[in-house]
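Structural characterization, general
So the chains spell out like this:
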Amino acid sequence: MRMPDPDEQAIGRRRQLVEGLRRIVPGEGVIVDEESLTAYDCDALSAYRQRPLAAVLPETVDQVSRVLRLCGELGIKVVPRGGGTSLSGGSLPVADGIVLAMGRFNRILEIDLANRQARVQPGVTNLAISKAVDADGFYYAPDPSSQIACSIGGNVSENAGGVHCLKYGMTSNNVLAVEFVTLEGEVIRFGGGYDQPGLDMMGLLVGSEGLLGVITEVTVRLLPKPETQRAALIGFPSNRRAADAVAAIIAAGIIPAGMEMMDKPAIKVTEDFVHAGYPLHVEALLIVELDGPKVEVDHLLAEVEKIAKENGAETCVVSETEAQRLTFWAGRKAAFPAVGRISRDYMTMDGSIPRGQLPDVLDHIAELSEKHGLRVANVFHAGDGNLHPLILFDASKPGELEAAENFGADILRKCIAVGGVLTGEHGVGIEKRDLMSEQFSEVDLDQQRRLKDVFDPAGLFNPGKVFPLLHRCVADGRMIVSAGANYAFPDLPRF
Amino acid sequence: MPLDILKAGDEAAVADILKQGKPVEITGGGTKLGLGRPVAVERRLDVSALSGITAYEPAELLLTAAAGTPLSQIEATLSQHGQCLAFEPPDLSQLLGAGAGQTLGGVVATNLSGPRRISAGAARDHVLGLRAVNGRGEIFRAGGKVVKNVTGYDLPKLLTGSFGTMAVFTELTLKVLPAAETEETIALPGLDCAEAVTVMCQALGSSAALSGAAWVPGTGVALRLEGFGPSVEARRQRLLALLGRDADVWAAPASKAWWREMRDLAPLGSGAGQAVWKISIPATQAPALLEKLKSLGEHKAALDWGGALVWVSLPCGTDAKAGDLRALLPPDAYAMLMVAPAEVRASQPVFQPRPAAQMAIEEKVRRSFDPDALLNPGRMV
Ligand SMILES: Cc1cc2nc3c(=O)[nH]c(=O)nc-3n(C[C@H](O)[C@H](O)[C@H](O)COP(=O)(O)OP(=O)(O)OC[C@H]3O[C@@H](n4cnc5c(N)ncnc54)[C@H](O)[C@@H]3O)c2cc1C
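Residues numbered from 1 in each chain as written. Chains lettered and ligands numbered in written order. Predicted model: local features only at pLDDT ≥ 70, side-chain atom pairs only at ≥ 80, totals over all residues.

1. Observations regarding the overall build of chain B
Formally: Only DSSP runs of H or I with at least four residues qualify as helices, and only runs of E with at least two residues qualify as strands; both kinds are numbered from the N terminus onward. For the radius of gyration, the atoms used are the C-alpha atoms, and the globule rule reads 2.2 Å times the number of residues raised to 0.38. Two residues form a contact once the distance between their C-beta atoms, set from the backbone, is within 7 Å.
When helices and strands are tallied, chain B shows 12 helices and 18 strands. For chain B, whose C-alpha radius of gyration is 21 Å, the value lies close to the compact-globule estimate of 21 Å for 381 residues. Expressed as a percentage of contacts within chain B between residues at least 6 apart in sequence, the contacts between residues at least 24 apart total 73%.

Here it is, written out as structure tokens:
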């Protein structure tokens, strides 16, 4: 993956930079030794690595401001980093810049249950917020499967989703305010209550992938925990019938908490791995989860079952216990590692399409699989049309990596052709950067670039991400997983 | 000043008009010309001819329509399929003294959201994609026509609520949702503001999943339950047990009628000679604010969004008491002047003044879309 050519003069100012940083952040907060720096070489898209000039771990907002001012003066690039779990290379360092790691901003500042909100520092993990209010019967709704490791600051920057965002929305629908530091070191609060005092700048910052500034505080909404959660596991004779059932459930006015789909290859691989009790004779499997008051969940599950049967469901099991519900999910959550067991390498796509296009796009992916001579397993958030096709390949065989890359790019092109988009939740990062011009016109992109210029005219924040480089390289949008070993966070469940 | 009305027949015409480089006031149905700072320009760009639903797939939960499409047409189409705009856009034409006929573009430009905002989100949470023309006369697209999308900056959120000061919407794609099968309201009469906020916070913090929580002096607290029949019934029983107070239960027709009035701010009266303020505040601070508002003299106040939204109407006078009212606000609150005669809206800050650094960056962001300040100039000051 090509990155912008490093600025040699900036690299030449490294000593001055480090001295300046040490005056701002004392002791071990400035990391320069090669060994400790390796921890910052990559994010979860670990096929790409880069040693930064230094990593700095500020502890106060004032330190963040001063670090940014120093970098502005010295022309040093800044890559903000939270938990480092980005799947799109969002927190990949650059050779001529520092990593600004927000891990020490790990305090929950205020929990306000009466107003159902919490003010937290950006380095707090997603799950830690829910845990802090669990005993009081509340939680923070967006639940990326990386939630034990990813930070709320990273969630805000990527506008992270999760299986339950069908009903509860993404990060952007669940934050109320952010505090933000500009390159000039200015500290600004955006957002507030349920509406905005001026322009919705918070709306712009959520999902801005670390390109505009550093988030130093987030106010999130808390929700009361649902009383009951139950799931149905439903098998269908074809992808098309499963997709029809998804459409029919929604058309019946039901918005499940989550609605996930797996195709036959994905069912087989995960069942072999986790033994979740998935039916092996079906072509497609749906997991439909409902939450809320028990009567509502029971009532709607009966509806879902009826709709599934009308759409040709061959099997339908509804969870009777919490253990059984978790078993249903176990296979789905283990889909990525399960594929990793049967294939030396695989790559994951994140395209998002209109739901009605699911059957056609799946048929097309099957054709592409023939054309490129590679296997594919499909798991996806069917409720909101967010695909995660897993392309299986073996990088040690000549030509297979290229074939996989071409396959992946073809899938994303198809997503765009049917009215979809490049990424539903993982972000553009470096990974899909060069495909942006397939989705957007130059006018569209220029409008976005001008916003970048407002905040960062010198291009110091997270360069080489989101926007296509001037000289385009091979268009590809994928995450490569190579033989498990170089894959970050192997223990986390994956959606 | 004689107004030159330029009627654009399509998106290309909008672009052509803007390329002429002269400032315009943008209008659709014209119902919100009295919202925000008055715009002093000689040309009015009328986009009401950009009308019609271009795509609606109920199973996709998506609707795409030209920006000038009347909201009533959209709502009628949605309701035929049992769906709705979940953010419950209010109709403030009565209050603003304007005619009927608000358009989708106007609703999105002002981010107007009704009582259901607390559970379903605001207009900004439902705008997925758009086509628009910026101040350079360039047609651009942003967002997408899918429910889940993080590709590029979230311009739909930034542009929602920008009062037409950054771009002229030509087409909008919105997320739509199933309308509730039924609804009921639990009414607790006779509570004062402090008791009301305590009750609303308690109810909103429970698993009752309320879709409305408001307080009107005289009426008391209204708590709305929406959803499938059996669910509404179960939640009602649970909620009544939790609150342990005497309550009335309004069935669907009464409940619907009451929330429509609340949505459109009928409890504040007709608006003649009145100024109306919209104040955002952490709900638990609302009672103290209401106490302080007494120093302003004659006024009416009501709470929505569980207390996080305070509506105040008072005799307008020459300044709508802007300075006095804002001086009473705690640090986390902000106020917008929603209704007042043009002279007052011209002389007083309509939007809450924000710290200089924040205003400066907002202004630069606005200029990145509209460098020569051609679009509704001054509207959002
Ligand atoms: C196993 C696994 C499962 C995953 N599952 C999901 C899923 O279900 N849904 C989903 O949406 N994502 C998922 N992800 C992707 C990832 O976890 C999310 O994108 C997450 O939001 C990243 O958070 P982070 O703290 O790790 O951020 P990082 O990776 O450190 O950074 C992400 C981006 O945010 C910027 N950034 C971080 N902190 C700040 C800050 N304070 N200020 C400004 N910019 C900042 C960085 O520069 C970078 O561009 C998964 C990842 C893994 C590894």
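2. Some points on the packing of helix H9 (residues 239–251) of chain A against helix H11 (residues 294–310) of chain A
Residues and elements named next belong to chain A. Cut-off, in case you're wondering: Helix axes are fitted only over the stretch in contact, all axes being lines through C-alpha atoms; the angle between N-to-C directions runs from 0 to 180 degrees. Angles below 35 degrees are treated as roughly parallel, those above 145 as roughly antiparallel, those between 65 and 115 as roughly perpendicular, and all remaining angles as oblique. Definitions for this section: a left-handed crossing has its near helix turned counterclockwise from the far helix by less than a right angle. A right-handed crossing has that turn clockwise. Asp, Glu, Lys and Arg are counted as charged, while Ala, Val, Leu, Ile, Met, Phe, Trp, Tyr, Cys and Pro are counted as nonpolar; the rest, among them Gly, fall into the polar class.
With their axes 9 Å apart at the nearest point, H9 and H11 run at an angle of 140° to one another. The angle between H9 and H11 places the two elements in the oblique class. Classified by chirality, the crossing of H11 by H9 is right-handed. Contacts between H9 and H11 pair Ala245, Ala248 and Ile249 from the former with Val304, Ile307 and Ala308 from the latter. Taken together, the residues of the contact of H9 with H11 break down into six nonpolar, no polar and no charged.

3. Some words on the sheet that holds strand S2 (residues 25–27) of chain B
Residue and element names in this part refer to chain B. So the rule is basically this: At least two bridges found by DSSP between two strands is the condition for calling them paired.
As summarised here, the arrangement of the three strands in space is S1-S3-S2, forming an open sheet in which the pairing is parallel. On the outer flanks of this sheet lie strand S1 (4–7) and S2, each paired with one strand and no other. Neighbour-to-neighbour, the strand axes of this sheet turn through a mean angle of 25°, independent of strand direction. Direction of pairing for S2 relative to strand S3 (residues 43–46): parallel, over a ladder of three bridges. By the bridge assignment, Ile26 is partnered in S3 with Leu45.

4. As for the site of the ligand
Residues and elements named next belong to chain A. Quick reminder of the rule: A molecule or strand has a residue near it when that residue's C-beta atom, placed from backbone coordinates, lies within 6 Å of it.
Looking at the ligand, there are 40 residues lining it, with Gly82, Gly90, Gly153, Gly154 and Gly210 nearest. For the shell around the ligand, the secondary-structure elements that each account for two or more residues are strand S3 (77–81), helix H6 (152–158) and strand S10 (214–221). Element by element, the count of residues in the shell around the ligand is highest for H6, at five residues. Looking at side-chain class alone, the shell around the ligand contains 14 nonpolar, 20 polar and six charged residues.

5. A short note on the domain arrangement of chain A
All names here are of chain A. Quick note on the threshold: Residue ranges for the domains trace back to a domain assignment, done automatically or taken from a database.
Considered domain by domain, chain A is made up of domain 1 (8–101), domain 2 (108–224), domain 3 (228–333) and domain 4 (341–482). Of note, the centres of domain 2 and domain 4, computed from C-alpha atoms alone, are 26 Å apart. Taken together, the contacts link 12 residues of domain 2 with 16 residues of domain 4.

6. Brief notes about the domain arrangement of chain B
Residues and elements named next belong to chain B. Segmenting chain B into domains produces domain 1 (53–178), domain 2 (182–263) and domain 3 (266–347). Each of domain 1 and domain 3 was reduced to a C-alpha centroid, and the two centroids are 27 Å apart. Contact residues are listed per partner, giving six residues for domain 1 and six residues for domain 3. Taken together, the residues of the side of domain 1 that touches domain 3 break down into four nonpolar, one polar and one charged.

7. Structural notes on the interface of chain B and chain A
Contacts between the two partners involve 70 residues from chain B and, on the opposite side, 70 residues from chain A. Secondary-structure elements contributing two or more residues to the side of chain B that touches chain A are helix H4 (117–120), strand S8 (139–143), helix H5 (155–159), strand S10 (177–178), helix H6 (193–204), helix H7 (229–243) and helix H12 (356–369) of chain B. Tallying contributions element by element places H12(B) first for the side of chain B that touches chain A, with eight residues. In the side of chain B that touches chain A, the residues fall into 32 nonpolar, 21 polar and 17 charged.

8. Quick notes on helix H9 (residues 286–293) of chain B
Residue and element names in this part refer to chain B. We count it as follows: Exposure in this text rests on C-beta crowding, where 20 or more other C-beta atoms within 10 Å of a residue's own make it buried, 12 or fewer make it exposed, and counts in between make it partly exposed. The C-beta atoms are placed from the backbone. The arc in question is the one spanned by the directions pointing from the helix axis to the C-beta atoms.
Considered for burial, the residues of H9 that qualify are Ala286, Leu289, Leu290 and Leu293. Seen from one end, H9 has its buried residues packed into an arc of 100°, which puts them on one side. Elements in contact with the buried residues of H9: H6, strand S16 (300–304) and strand S17 (309–315).

9. Quick word on the nonpolar core
Here is the rule we go by: In plain words, the nonpolar core is the set of buried Ala, Val, Leu, Ile, Met, Phe, Trp, Tyr and Cys residues that C-beta atoms within 7 Å link up.
In terms of nonpolar packing, the biggest core is built from 267 residues, with A:Leu286 and B:Met200 touching the most fellow members. No other element matches the eight residues that H6(B) contributes to this core. If we skip the residues at most four places from it in the chain, B:Met200 touches B:Ala213, B:Trp215, B:Val221, B:Ala283, B:Gly306 and B:Gly307.

10. Observations concerning the environment of B:Ser231
For B:Ser231, the position within the fold is in helix H7. A tally of 24 C-beta atoms within 10 Å means that B:Ser231 is categorised as buried.

11. Concerning the sheet that holds S10(A)
Residue and element names in this part refer to chain A. If you walk across this open sheet you meet the five strands as S5-S6-S10-S8-S9, and the pairing is antiparallel. Of all strands in the sheet, those bounded by a partner on one side alone are strand S5 (108–112) and strand S9 (187–191). Direction aside, the axes of adjacent strands within the sheet are offset by 15° on average.

12. Some words on the pairing of S16(B)
All names here are of chain B. The buried count for S16 comes to four of five residues, which makes it a mostly enclosed element. Examined bridge by bridge, S16 and S17 share five bridges and lie antiparallel to one another. Paired with Leu303 across the bridge in S17 is Val310. What sits between S16 and S17 in their antiparallel hairpin is a turn of four residues, with Trp305 showing a positive phi close to 50°.

13. Focus on the packing of helix H17 (residues 442–455) of chain A against H12(B)
As a packed pair, H17(A) and H12(B) sit with axes 9 Å apart at the nearest point and diverge in direction by 150°. In this view, H17(A) runs roughly antiparallel relative to H12(B), as classed from their interaxial angle. By crossing handedness, the relation of H17(A) to H12(B) is classed as right-handed. Of the residues in H12(B), those touching H17(A) at A:Arg450, A:Leu451 and A:Val454 are B:Lys364, B:Val365 and B:Ser368.

14. Remarks on the pairing of strand S6 (residues 117–120) of chain A
Residues and elements named next belong to chain A. As paired elements, S5 and S6 share four bridges and run antiparallel to each other. Bridge assignment links Glu110 to a residue of S6, and that residue is Arg119. Connecting the antiparallel pair S5 and S6 is a turn made up of four residues, with Arg116 showing a positive phi of about 55°. Bridge count for S6 against S10 is four bridges, and the pairing is antiparallel.

15. Points about unusual backbone geometry
A positive phi angle, near 55°, is found at A:Arg116, a position not held by glycine. The exposure class assigned to A:Arg116 is buried, which follows from the 22 C-beta atoms found within 10 Å. We note that B:Leu265 has phi near 65°; this positive angle belongs to a residue other than glycine. Along the chain, B:Leu265 falls in the loop between helix H8 (252–263) and strand S15 (274–280).

16. Regarding H12(B)
The condition that has to hold: Multiplying 1.5 Å by the residue count of a helix minus one yields the expected span of that helix.
Across its 14 residues, H12(B) extends 21 Å between first and last C-alpha, which sits within 8% of the 20 Å expected from 1.5 Å per residue. Of the residues making up H12(B), those classed as buried are B:Ile361, B:Glu362, B:Val365, B:Arg366, B:Ser368 and B:Phe369. Projected onto a plane normal to the axis of H12(B), the buried residues spread over an arc of 155° and lie on a single side. Next to the buried residues of H12(B) lie S9, helix H8 (201–205) and H17 of chain A together with strand S7 (127–134) and strand S9 (167–175) of chain B.

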